[in-house]
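# Tertiary structure, described
Chain by chain, the residues run as shown.
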Amino acid sequence: MKRYRFTALALVALTGTCAIAQEATTEAPEEKAKVETTICADIVTNYIWRGQKLGEVGIQPTLGIDYKGLSLAAWGHYGLSNPDDTKEFDLTLSYSAKGFNAGIIDYFFSNKEDQVKYFMYEAHKTAHIWEAFIGYDFGFLSAHWYTNFAGNDGTNKSGERAYSSYFELNAPFRFATCEWKATAAIVPYATDLYGTTGFAVTNLSVRATKDIKVTDTFSIPIFGQLTANPCSQKAYLVLGFTLQP
């Protein structure tokens with residue numbers, strides 16, 4: 001949940017604003033191998049994902065580690081205002097080097113926890129979706145392609161697995177004392193996972209983040225995001241803040 005340098009903590013970078021705390025080994029300075037640790041949580045007014053609304057007011061915790069570009073991150077969403085909100089728990093394993101990044105995400109969704117088993121992986125019954133991604137960060141612009149390859153994926157017009165895919169461009173910039181990010185994204189073909197019947201623009205958004213100083217040593221990142229989905233003809237405004245050590 002960081003702004004916006006695409007690091008190996010890929011899921012974190014795409015979904016929030018948490019900073020990375022660094023922990024070093026006890027080796028000599030010239031031999032130190034730094035481990036980056038992320039521990040934080042976003043509080044959001046709505047859960048908007050890739051141009052779709054997936055939940056109401058909620059908390060989105062993150063726990064992740066990164067070592068020399070290889071990272072493992074856990075992320076979740078838990079509704080605070082609506083007990084029927086989807087509960088989500090995702091794991092991301094990724095690697096990043098010199099702007100290049102790739103990885104695999106395991107999404108797990110549960111509306112009624114007593115009826116959904118985490119370790120159920122049987123086709124057409126599992127609540128998991130597995131997605132692979134690849135991308136490159138040019139600094140002024142990043143591009144990423146995502147494709148579902150297993151699990152409870154969406155279907156196409158023929159009712160077959162859609163291998164649902166999503167392509168996104170992000171451009172970070174600074175304006176009026178805030179850190180901004182503009183996003184444009186498309187779904188290339190039909191899938192009911194994104195509600196598309198063919199090629200469609202599904203996410204046009206702009207996000208601003210600003211640190212609000214509380215004390216000399218503590219500040220709270222506040223963010224606002226405006227998202228429009230031309231395919232579904234819907235738009236959303238999200239406000240939130242980040243809690244971090």
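The notes below deal with the structure included here. The shown structure was predicted, so the numbers you read here are calculated from the model rather than taken from an experiment. (Residues numbered from 1 in each chain as written. Predicted model: local features only at pLDDT ≥ 70, side-chain atom pairs only at ≥ 80, totals over all residues. Heavy atoms only, no water.)

### Describing the overall build of the protein
Filter applied, for reference: Helix and strand assignments come from DSSP, with helices taken as H or I runs of at least 4 residues and strands as E runs of at least 2, each series counted from the N terminus. For the exposure calls, accessible area comes from a 1.4 Å probe over protein chains only, and a residue counts as buried if that area is under 20% of its type's maximum, exposed if over 50%, partly exposed in between. Here, residues are in contact when the closest pair of their heavy atoms is within 4.5 Å.
Each helix and strand in the protein was counted, giving one helix and 15 strands. Within the protein, buried positions represent 44% of all 245 residues. Considering only contacts within the protein whose residues lie at least 6 apart along the sequence, 43% involve residues at least 24 apart.

### Details of the layout of surface pockets
Selection criterion: Here the term cavity refers to a set of points on a 1 Å grid, laid over the protein atoms alone, in which a 1.4 Å probe fits but cannot get out; the term pocket refers to an open set having protein on both sides within 12 Å along at least five of seven lines, with lining residues being those that place an atom within 4 Å of a point. Grid points are joined across faces, edges and corners, and a volume is the space filled by probe spheres set on the points. Charged residues are taken to be Asp, Glu, Lys and Arg, nonpolar residues to be Ala, Val, Leu, Ile, Met, Phe, Trp, Tyr, Cys and Pro, and polar residues to be all remaining types, Gly included.
Roughly 220 Å³ of volume is contained in the second largest pocket. As for the second largest pocket, its lining consists of Trp49, Gln52, Leu54, Thr86, Tyr107, Phe109, Ile129, Glu131, Asn148, Leu193 and Tyr194. Those elements that provide at least two residues to the lining of the second largest pocket are strand S4 (52-55), strand S8 (100-110) and strand S9 (128-137). Of the residues contributing to the lining of the second largest pocket, the split by class is seven nonpolar, three polar and one charged.

### Quick notes on the pairing of S8
Applied cut-off: One bridge is not enough; two strands pair if DSSP finds at least two bridges between them.
Sheet analysis places strand S7 (residues 87-97) next to S8, joined by eleven bridges and oriented antiparallel. Within the sheet, the bridge partner assigned to Leu93 lies in S8 and is Ile104.

### Re the packing of aromatic side chains
Spelled out, the test is: To pair, rings of Phe, Tyr and Trp, with the six-membered ring standing in for Trp, must have centres within 6.5 Å; the planes then decide the type, stacked if under 30 degrees apart, edge-to-face if over 60, and tilted in the middle. The criterion for a charge sitting over a ring is simple: Lys NZ or Arg CZ within 6 Å of the ring centre, and within 35 degrees of the ring normal.
Within this structure, the stated rule accounts for 16 aromatic pairs. With a centroid separation of 5.8 Å and an interplanar angle of 50 degrees, the aromatic rings of Tyr121 and Trp130 are classed as tilted. Assessed through its relative accessible area of 42%, Tyr121 is described here as partly exposed. With 5.7 Å between their ring centres and 40 degrees between their planes, Phe133 and Tyr146 make a pair best called tilted. Remark: Tyr146 occurs in strand S10 (residues 142-151) and Phe133 occurs in strand S9; sequence separation between them is 13 residues. Of the two residues examined, Phe133 and Tyr146, each falls in the buried class. Cluster of aromatic residues (ring-pair linked, three or more members): Trp49, Tyr107, Phe109, Phe133, Tyr146, Tyr166 and Tyr194. The ring of Tyr146 has Arg50 sitting right over it, with the charged end atom 4.3 Å from the ring centre.

### A short note on unusual backbone geometry
Positive phi is not limited to glycine here, since Arg50 has a value of about 55 degrees. Turning to its location among the elements, Arg50 is positioned in the loop between strand S3 (47-49) and S4. If you check the backbone angles, Tyr163 has positive phi at about 45 degrees while not being a glycine. Within the secondary structure, Tyr163 is located in the loop between S10 and strand S11 (165-175). On the accessibility criterion, Tyr163 (44% relative accessible area) is partly exposed.

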